[in-house]
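# Descriptive analysis of the structure
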Amino acid sequence: MKIGLVGFPGSGKTTVFNALTGLAAETGYGAARGKTNLGVVKVPDVRVDALAKIFKPKKNVYAEITFCDVALATTPGQSRGLDDQILRAMREVDALCHVVRGFASSAGETARPLREAHDFEAEMNLSDLILVENRLERLKKEKAKPAEKELLGKLKAHLDAGQPLRSLDLGATDLVAIAGYRFLTLKPLMLILDVAEADAAAPPPADLAEHARTNGLGLVVLAGAVEMDIAQMAPEDQKEFVASLGLDEPAAGRFIRAAYALCDLISFLTVGEDECRAWPLRKGSSAHKAAGKIHSDIERGFIRAEVMRWEDLVRLGSEAKCREAGRLRLEGKDYVVADGDVINFRFNV
Ligand SMILES: Nc1nc2c(ncn2[C@@H]2O[C@H](COP(=O)(O)OP(=O)(O)O)[C@@H](O)[C@H]2O)c(=O)[nH]1
Ligand SMILES: [Mg+2]
């Protein structure tokens, strides 16, 4: 799962990237242009930690997501537009986190987060519209493909009305038909408001919150610059520093969990002496599919899934106790896995 940190130059993308990954990519106007920063982060998971206390495994394994911060090829400040290279990179990712500037820039420009959100969404909308129009133009010369023409016409009308494609009610067949376009406005989108240190614990501006709410977008507020420093500190120092900002935990954990949910992912868990592990799984997936995440042999030889809730396992202390208490269920292939299920797969080899 790859998430793109996107936004206008100077909004704080690389700063936020560093805060999330604990890396030290170059920030500011001097940063190397056209260079993409990639970082893999572990998704913090209290369930893995709690289960590991019981099972004392050799290692804890967390779900992972990749963040990608695409640097602008053009000189920041010259153009607010998105160039082709950026747009192409944005099409590659599974979900988009729009970093919005919420701090006064070094050039003294005050933050206008709502406007920035609108402008960026309009750019993505325009980029999708161009794709649709180009395709329609080519189709004009062909007599065939009325269904494709109709579908694209529907997309065009929606984009023309300034609406993102994710708000259009498309069926599964339509979604498959247009998957190849990798439309930007069809990707899950979350807003990251990068604010000054003084605003670290303040609520987001009401108008931006309203925009996020009415459009079904996630919104996370974080003080990028100071969080970047926190990410470099030893865990024991982090605690004190984070508390002094009026926060409970570093923004990284909060943000990473939100980004994980944005991708429509849940985690199921496996336990044992070797490892206690969180496995990412698309929400709504079956136990059979979950088995395949671990190994294709388990998927092929699937007999049943023994499922416990992680809370029960932690509370009761062992699988045997869960069984005794009737807190262990046997489920078949079609069982829809829930977030936090601890699963033991029975399978034929
Ligand atoms: N005051 C303040 N400055 C920030 C913050 N986040 C980023 N900056 C500064 O804004 C400039 C641009 O940040 P950068 O992360 O390189 O932006 P990018 O172009 O979107 O990657 C840098 O000089 C940062 O130090 C923040 O939270 N507060
Ligand atoms: Mg940058």
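Reading the values: rules and limits
- Residues numbered from 1 in each chain as written.
- Chains lettered and ligands numbered in written order.
- Predicted model: local features only at pLDDT ≥ 70, side-chain atom pairs only at ≥ 80, totals over all residues.
- Heavy atoms only, no water.
- Near = heavy atom within 4 Å.
- Polar contact = N/O pair within 3.5 Å; in protein donor to acceptor, adjacent residues only side chain to side chain.
- Helix = DSSP H or I, 4+ residues; strand = E, 2+ residues; numbered from the N terminus.
- Nonpolar A, V, L, I, M, F, W, Y, C, P; charged D, E, K, R; others polar.
- Buried < 20%, exposed > 50% of the residue type's maximum accessible area, 1.4 Å probe, protein only.
- Arc of directions from axis to C-beta.
- Contact = heavy atoms within 4.5 Å.
- Core = buried A, V, L, I, M, F, W, Y, C linked by side-chain atoms within 4.5 Å.
- Domains from an automatic or database assignment.

The next thing to look at is the site of ligand 1. What surrounds ligand 1 is a group of 15 residues, the closest being Lys13, Thr14, Thr15, Gly28 and Asp194. Within the backbone of Val195, an N or O atom sits 2.9 Å from an oxygen atom of ligand 1. Looking at the shell around ligand 1, the elements with two or more residues in it are helix H1 (13-21), strand S6 (189-195) and helix H8 (224-232). Here the shell around ligand 1 gets 3 residues from one element, more than from any other, and that element is H1. Of the residues in the shell around ligand 1, the class split is 5 nonpolar, 8 polar and 2 charged.

The next subject is helix H7 (residues 206-214). Burial in H7 covers these residues: Leu208, His211 and Ala212. Angular distribution of buried residues about the axis of H7 spans 95 degrees; they occupy a single face of the element. More than 90 degrees from the buried face of H7, the exposed residues found are Ala206, Arg213 and Thr214. The secondary structure elements touched by the buried residues of H7 are helix H4 (113-140), S6 and strand S7 (218-222). Just past H7, the residue Gly216 takes up positive phi, approximately 65 degrees.

In this structure, Met90, Leu96, Phe120, Met124 and Leu191 are the most contacted members of the largest nonpolar core, which totals 31 residues. Here Met124 is in contact with Met90, Leu96, Leu184, Thr185 and Leu189, once residues within four sequence places are set aside. Counting residues in hydrophobic clusters, the runner-up holds 27 residues, among them Ile65, Cys97, Phe255 and Leu262.

Let us now look at the domain arrangement of the protein. By domain assignment, the protein separates into domain 1 (2-44 + 61-111 + 186-262), domain 2 (122-183) and domain 3 (284-347). Taking only C-alpha atoms into account, the centre of domain 1 sits 36 Å from that of domain 3.

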